[in-house]
Amino acid sequence: MATPTDAASAVPEQENRVTLRDPIRESEERANQARIKRLTEAFNVFDQESNNTIPSSELGTVVRSLGLVPTEGELQDILSEMSDDSNPESIHLERFLNVMNTILKDRRYQGEPESKILRAFQVLDTQNNGYLSEDEFRNYLCKEGEPFNDEEFQDFMTIALDDETNHKCTYKDFVQHLVVEDND
Amino acid sequence: MFSDRWLCFCCPQMHKPPRRQMVAPIDEVHAQSNPPHLQISRTKFQEKKRSDLTLASVVIIQKWFRRRQALFEMRRKAAWTIYQHIEYAGEQDQLKLYNFFIELIQTVSNNRRDVSVATKVLRRSSSLSGLAEELELEQLTAASTISIEPTYQGPHINLPLTKEHFEVLILAFQRGELLHPHYVLVILHELRRLLKTLPNVNVVSTHLTKFVTVVGDLHGSLADLMIIFHKNGLPSNENPYIFNGDIVDRGFQSIEIFILISVALIVYPSNVYLNRGNHEDHVLNLRYGFMKEIIHKYKVNSSRLLRLFENIYSWLPVASVIDEHIFVVHGGISNITDLATINRIKRQKYLSVLSPTFIIPTEEDQFEISNIPNDLLLEWRQILDLLWSDPKQTDGCEPNTYRGGGCYWGPDVTRTILEKHKWTLIIRSHECKEEGFDYTHDNKVLTIFSASNYYAVGSNRGAYAKVLTNQSPLVVQFISTKASQKSLTLWERVSYVEEQAIKNLIEKFSVNKSFLMKEFLQVDKKRTGRISVNNWCDIVSRVLDLNLPWRTLKAQLVETDPQGWILYESTFRFKELQFALNVQINDRRRSLCQCMYRNKDLLETVFRAIDKDNSGVISMQEFTDVCTSLGNHNGTKFDEKQITDLAVSIDLDKNGVIDFNEFLEAFRIVDITDPSMEQI
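Note that the structure is predicted; figures quoted are calculated from it, not measured.

Bringing the overall build of chain B into the picture now. For chain B, the helix and strand inventory stands at 24 helices and 22 strands. Split into buried and exposed, the 680 residues of chain B put 56% on the buried side. Only carbon and sulfur atoms are counted for the fraction: they give 52% of the accessible area of chain B, which is about 30300 Å².

Laid out in structure tokens, this is it:
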């Protein structure tokens, strides 16, 4: 905690009064800085030309790589908030930071806990088998909600096959694969 | 109560604009009516609730899966960024070094030692010019200067070269055999003879053959060339090829590939074309492996070969035009690219595109301020831009600071230059692409890169382009894999490529340990052993001079404590730099060794450049001079006394010369966890 006599932190004002440091504001400021740095770094990975823009098509990857779990529809919302009508193909860093900083601060799109994801599988498992077949997955994931394309479905099924359960997949393990963290 | 919120359980209640692109199996009638529980019966309500729930569950799974994919994509991109940064940083370094030397000898410098090193490095191989130089070259590199010993088991060839010779060589090289240097000289001289008759820009026509195949960077990868020949057929009068440069350097079979392509050109001179790449340049060969490969394979005869290569590069055409409308060049173009101007250049002046002869003095110690005429500078720029430029997405044309040479050119420049020359497409190479190829600038620029697994196994595919008469090119991809490798899952592929990149970074950490620790300790004055993520990323980025996504990478590089602080000493937990010559290493020496290892590539480049007869040794004085001079170049403080001490102790024979190969190879990055295991 700073004390008023801490010379380094005192900001003398015109009338020789001294402003106190505000530790809460400072830690908020630090958190803000950290967020901005994190966002800028993720952004820069896709900024091929180093000109502070990324193609709009990469927004989904960038946002999700930050650990957020928006739906495709929610991504559209985010995109519309930050895209520039004069140049809809790319997103500028400044707008990106503005919008994403608020999103991170408000802790939006954080995703649900593992138990809810597990429950999602259980809902689909109408027979209560403990697993779902490839066909069942295909019927749900490629036809409903925000459908997978062929490539996405292929990659999705390799998770199942990774577990070597021969076209079935106990979704308990599945959930583990889906919530993979940065550190894994 | 679900109807507005079922798609997103976590978002706070807020007004959102209507969603687009929704695929929702909700009965349209119900969606438009008043809240369902007022209108429909209980069972229907339960049904609808059930189907809402199903839909919600499907969306949950879909969005979590997409998040996982994005994380992998990010890691793959980050690994790619690491490779590219390191590659280009190296190239940039090289160019900066040469610019530094050139400046030194151009201006009157007080530092005699630096100038002496610079002139030695840049000194032309020949002090003669014109006809005299030509005769000298022929005399020094004639095949007759090397005799073939009776014990030689490898392939034999003789002029005139035929298709059979070509096939014999392919088989021999696949078996790992070496072609006798006498024969190499025969082939190279024949190649040179033919190249001298060619124009600066090859004129290629598909009128008779209906197509021509363009191959991109090969970088010494014989495996990839074999795949291309296997898929696409051997070169012949019915199967023409254009090789778009960067045949040598980096890979380990550069000479074999160069010989094969040379023989193909000699046997089918109207149907095999070669474009010069930025690596067809002895200055780059110093650093990027070709010189080392030749010296290793041909030992005492390497000087002759290298001298001839140096000259042959300058006779390579700089570009090709197919059917008058497709421009094929290694690097790219710039705003000044002009075919007529290019055709007027005497390309043989440019032994090295980086340091052409007109700025190098012919005698040692000659340094005067030379006034290079403007049109000569422009001419140089034409060639430099053709071999070194990269496309960019935004309009304009600016110097390519990433590489250190050539330009970044934008789509507007493409349009202008294409229109000026009535071209429809530019095919170029020079940049590694994950899929082996890439279209840009509204499909008017095609990049073709033919060295698969360039950065690491699984890092990228290779590709070649078949250009058919009046059609868009057909791009064929491939990847060279060992037979034993099973196909990997996405997770495994990303993991492996990443692993190599990470290893690279960890090496860099250990080499920069003293600098990094100094900075860490400056921040962590209380010696808690931890610093914030921000500080760690800033320091690492600055000391290594690598602008990488450190936050994304840190999980694999350092340990963090449960509160999220970084335990910075773990930065060095894996690798340690060791110096394996029989010299005493105390603390001061350790930091000198780190310094040297950091600059290993530079040192090697300069040592080799000075060692004109490729003997592998330089004098102690030269050794000390080079080390100190490099210090002045990039601001590292090599302490002269320390270097002299080190030099003296390395010179075990006490004969006043240092075997710099031994010296360089004595640096090893060792796994600390297993001290018996050594990795270079």
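Here we take up the pairing of strand β5 (residues 319–322) of chain B. In summary, the side chains of a regular strand alternate between the two faces of the sheet. All names here are of chain B. What you see with β5 is no split at all: Ala319 and Val321 on one side and Ser320 and Ile322 on the other are buried throughout. Pairing analysis gives 4 bridges linking strand β1 (residues 201–204) to β5, with the strands arranged parallel. Following the sheet pairing, Val201 is matched in β5 by Ala319. Relative to strand β6 (residues 326–329), β5 runs antiparallel, the two being bridged by 4 bridges. Across the sheet, the residue bridging to Ser320 is Val328, located in β6. Between the antiparallel neighbours β5 and β6 lie 3 residues, among them Asp323 with a positive phi of about 50°.

Glancing now at the side chain of Thr337(B). All names here are of chain B. Position of Thr337 among the secondary structure elements: in the loop between β6 and α13 (339–344). Exposure remark for Thr337: the relative accessible area of 0% places this residue in the buried category. Engagement of the side chain of Thr337 in a polar contact is seen with the backbone nitrogen of Ser334, the distance being 2.8 Å.

Another aspect to go through is the UniProt feature "domain: EF-hand" (unreviewed entry) in chain B. Per the UniProt record, "domain: EF-hand" (unreviewed entry) is found at residues 511–546, 598–633 and 638–673 of chain B. End-to-end, the C-alpha atoms of residues 511–546 of chain B are 14 Å apart, and along that stretch the chain is 67% helix and 6% strand.

This brings us to the domain arrangement of chain B. Residue and element names in this part refer to chain B. In terms of domains, chain B is made up of domain 1 (125–129 + 160–358 + 371–478) and domain 2 (589–670). Put simply, the middle of domain 1 and the middle of domain 2, counted by C-alpha atoms, are 34 Å apart. Summed over both sides, the interface between domain 1 and domain 2 buries roughly 830 Å², with carbon and sulfur atoms accounting for 51% of that surface. The largest share of the area that domain 1 buries against domain 2 comes from Leu286, Arg287 and Lys292, three residues that together contribute 60% of it. On the surface where domain 1 and domain 2 come into contact, there are 1 salt bridge. Counting across the domain 1 and domain 2 interface gives 1 residue pair in polar contact (both at pLDDT 80 or more).

The next subject is the UniProt feature "domain: EF-hand" (unreviewed entry) in chain A. Taken from the UniProt record, the annotation "domain: EF-hand" (unreviewed entry) applies to residues 34–69 and 112–147 of chain A. Within residues 112–147 of chain A, the helical portion is 53% and the strand portion 0%, while the C-alpha atoms at the span's ends are 20 Å from each other.

Quick look at the sheet that holds strand β3 (residues 241–243) of chain B now. All names here are of chain B. Reading across the sheet, the 5 strands line up as β4-β3-β2-β13-β14 and stay open at both edges, with mixed pairing between neighbours. Both outer strands of the open sheet, β4 (272–274) and β14 (474–478), are each paired with one neighbouring strand and no more. The mean inter-strand angle of the sheet, taken between neighbouring strand axes irrespective of direction, is 20°. Inspection of the sheet shows β3 paired to β4 by 3 bridges, in the parallel sense. Within β4, the residue paired with Tyr241 across the bridge is Val272.

Structurally, chain A comprises domain 1 (24–106) and domain 2 (114–178). Between the C-alpha centres of domain 1 of chain A and domain 2 of chain A there is a distance of 30 Å.

So, about the nonpolar core. The tendency in soluble globular proteins is for nonpolar side chains to be buried as a group. Residues and elements named next belong to chain B. Counting 121 residues, the largest nonpolar core has Leu179, Phe243, Phe327 and Phe623 as its most contacted members. The element best represented in this core is helix α9 (residues 254–267), accounting for 11 residues. Residue contributions to this core reach at least three from each of two domains, namely domain 1 (125–129 + 160–358 + 371–478) and domain 2 (589–670). With residues up to four places along the chain from it excluded, the contact list for Phe327 reads Ala319, Ser320, Val321, Ile333, Leu339, Leu386, Trp423, Leu425, Ile426 and Ile427. With 36 residues, the next largest nonpolar core counts Tyr454, Trp536, Val543 and Leu557 among its residues.

The rules we used
- Residues numbered from 1 in each chain as written.
- Chains lettered and ligands numbered in written order.
- Predicted model: local features only at pLDDT ≥ 70, side-chain atom pairs only at ≥ 80, totals over all residues.
- Heavy atoms only, no water.
- Helix = DSSP H or I, 4+ residues; strand = E, 2+ residues; numbered from the N terminus.
- Buried < 20%, exposed > 50% of the residue type's maximum accessible area, 1.4 Å probe, protein only.
- Areas by Shrake-Rupley, 256 points an atom, 1.4 Å probe, with all protein chains shown as cover.
- Pairing = 2+ DSSP bridges.
- Polar contact = N/O pair within 3.5 Å; in protein donor to acceptor, adjacent residues only side chain to side chain.
- UniProt positions renumbered as here; feature names shortened; annotations may be inferred.
- Domains from an automatic or database assignment.
- Buried area = accessible area lost by both parts, 1.4 Å probe.
- Salt bridge = Lys/Arg side-chain N within 4 Å of Asp/Glu carboxyl O.
- Axes fitted to C-alpha atoms, helices over the stretch in contact; angles between N-to-C directions.
- Core = buried A, V, L, I, M, F, W, Y, C linked by side-chain atoms within 4.5 Å.
- Contact = heavy atoms within 4.5 Å.

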